[in-house]
Amino acid sequence: MTKRRRGFGRPKGPIYADLHLHSNQSDGTDSPAEVVKRAAAKGLKAIALTDHDTTAGNAEAQEAAVGEGITFLPGVEVSAEFDLVEVHILGLRLSPVQENDEMETRLAEVLEDRITRTQLMIEKLIELGVQIGEQDVAQEIAGAASPGRLHVARALYRIGVTNSVQEAFTRFIGIGKPAYVQKNRMPAMEAIELIHGRGGIASIAHPGIGGVHKKLRGLLSLPLDAVEVWHPEHSVGQSAEYGILVRENGLIATGGSDDHGSKTQRKYIGETGLNESAFQTLIARLEQV
Ligand SMILES: [Zn+2]
Ligand SMILES: [Zn+2]
């Protein structure tokens, strides 16, 4: 097996802010409060919770962050699509949920799609002869507000169908694999508008992953505010490249570890993100947006 190139793009100096974190409200393993505790233990001064297609963990994390004296930016990571490519859009510094909230209404529809998709994956697995039941996956989803493929992958590993979580993707539910089911993705423009509707800034998550890089020029024609420059799966070179892109286009640089919890292999919380000066730049820009 070839080792994946992971240059671990990170800024100079200590990491001050980690603006890409997942809790068990999507496919992370820790509660929102635990995420904040881990961030504090790492010495982080600011964080954002960016669960997939849900804002359900923000209130709990916000409260915990006050207790720890950490600056908290309520967030989300929306699964969207641009020019047939899946693109994740981070929404940062969301205002509290309002009555008839457009974002929450739309995310409730996305949740329905996610539930259907999970059921379809299980059906396909059963057709393939895999001994898996809905309850096996339900156990992984537990109290999560937003089920996803990682829950199915963890179930496959736990019940002994695969030897690792990763193998579940390479054999069954990765793109193009026999039990893969495509997500219903919202247009990137819509995701950006929903984020702006909540007073947030929209940042392209990990542009170096998947086919997003090739679509960057087109994506930049959308009303984006920021690009995630620093991410564990960006090489040092990619981070440098995106840093230049941000400067040249008058955008904001964001960064984070995309940590999925203490029970995962990649416990990257606080390993990359923004240094203090990049975070202060971001905050200064937020005041103008
Ligand atoms: Zn993502
Ligand atoms: Zn993420």
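In this convention, every chain numbers its residues from 1, walking through the sequence in written order. All chains are assigned letters beginning at A, and all ligands numbers beginning at 1, according to the order in which they are written. Whole-chain, interface and lining totals are the exception, using all residues; otherwise, since this is a predicted model, local features are given only for residues with pLDDT of at least 70 and side-chain atom pairs are given and counted only at 80 or more. As a convention, hydrogens and water are excluded, and side-chain values are obtained from all of the structure's heavy atoms.

### Observations concerning the coordination of the zinc ion (ligand 1)
Distances up to 2.8 Å from the metal define which N, O and S atoms are donors, and 3.2 Å serves for Na, K and Ca; water is absent from the atom set, so sites may look incomplete. At this site the zinc ion (ligand 1) is bound by Glu-77 (OE), His-88 (ND1) and His-206 (NE2), with donor distances of 2.1 to 2.2 Å. Categorising residues by exposure relies on relative accessible area from a 1.4 Å probe, with only protein chains included: less than 20% of the type maximum marks a residue as buried, more than 50% marks it as exposed, and the intermediate range marks it as partly exposed. A relative accessible area of 0% means that Glu-77 is categorised as buried.

### Let's talk about the pattern of salt bridges
Between Lys or Arg on one side and Asp or Glu on the other, a salt bridge is scored when a side-chain nitrogen of the former is within 4 Å of a carboxyl oxygen of the latter. Tallied over the entire structure, the rule returns 17 salt bridges. Among the ionic pairs, Asp-30 bridges to Arg-38, the shortest N-O distance being 3.0 Å. Looking at Asp-30, the relative accessible area reads 2%, which means it is buried. Residue classification places Arg-38 among the buried positions, given a relative accessible area of 17%. A salt bridge links Glu-233 to Arg-266, with the nearest nitrogen and oxygen atoms 2.8 Å apart. Taken together, the residues Glu-233 in the loop between strand 7 (226–230) and helix 9 (236–248) and Arg-266 in the loop between strand 8 (252–255) and helix 10 (276–288) connect sequence positions 33 residues apart. Runs of E in the DSSP output that reach at least two residues are strands. Runs of H or I that reach at least four are helices, and both are numbered from the N terminus.

### What to know about helix 1 (residues 32–41)
Residues Pro-32, Val-35, Val-36, Arg-38 and Ala-39 constitute the buried set of helix 1. End-on, the buried residues of helix 1 take up no more than an arc of 160°, which puts them together on one face. Among the exposed residues of helix 1, those oriented more than 90 degrees off its buried face are Lys-37 and Ala-41. Directly beyond the C-terminal end of helix 1, a positive phi value near 85° is found at Gly-43. Working definition: the arc comes from the directions between the helix axis and the C-beta atoms, pointing outward to the latter.

### Focus: the packing of aromatic side chains
Working definition: a ring pair exists when centres of Phe, Tyr or Trp rings (six-membered ring for Trp) sit within 6.5 Å. Plane angles under 30 degrees give stacked, over 60 give edge-to-face, the rest tilted. Enumeration according to the criterion identifies two aromatic pairs in this entry. Their ring planes at 85° and their centres at 5.0 Å tell us that Phe-8 and Tyr-268 sit as a pair that is edge-to-face. Here Phe-8, found in the segment before strand 1 (17–21), pairs with Tyr-268, found in the loop between strand 8 and helix 10; they are 260 residues apart in sequence, far enough to count as distant. Since its relative accessible area comes to 16%, Tyr-268 is described here as buried. A centroid spacing of 5.6 Å and a plane angle of 40° characterise the contact between Tyr-16 and Phe-279, whose relative ring orientation is tilted. Here Tyr-16 is found in the segment before strand 1, whereas its partner Phe-279 is found in helix 10, with 263 residues between them in sequence. Across the pair, Phe-279 and Tyr-16 agree in class, each one buried.

### Considerations on the pairing of strand 8
Within a regular beta strand, the side chains point alternately toward one face of the sheet and then the other, so they alternate between its two faces. Of the two faces of strand 8, the one lined by Ile-252 and Thr-254 and the one lined by Ala-253 and Gly-255 are each fully buried. Strand pairing follows a simple DSSP-based rule, namely that at least 2 bridges must link the two strands. In terms of strand pairing, strand 7 meets strand 8 through four bridges, oriented parallel. Note that in strand 8 the partner of Glu-228 across the bridge is Thr-254. Handedness of a crossover is defined as follows: orient the strands so they point away from the viewer, and if the path from the first strand over the helix to the second runs clockwise, the crossover is right-handed. Handedness of the crossover joining strand 7 and strand 8 through helix 9: right-handed.

### Focus: the coordination of the zinc ion (ligand 2)
Distances from the zinc ion (ligand 2) to its protein donors, namely His-20 (NE2), His-22 (NE2), Glu-77 (OE) and Asp-258 (OD), fall within the range 2.1 to 2.2 Å. All geometry calls rest on donor angles, where a four-donor set with angles between 85 and 135 degrees is tetrahedral, four- and six-donor sets with opposite donors more than 155 degrees apart and all others between 65 and 115 are square planar and octahedral, and all else is irregular. The site at the zinc ion (ligand 2) holds four donor atoms, and with the angles between them running 82 to 172°, its shape is irregular. Mapped onto the sequence, the donors of the zinc ion (ligand 2) take the spacing H-x1-H-x54-E-x180-D. Metal-to-metal, the separation of the zinc ion (ligand 2) and the zinc ion (ligand 1) is 3.6 Å; Glu-77 coordinates the two. Here Glu-77, found in strand 3 (residues 71–82), pairs with Asp-258, found in the loop between strand 8 and helix 10; they are 181 residues apart in sequence, far enough to count as distant. Across this residue pair, the class does not change: Glu-77 and Asp-258 are buried.

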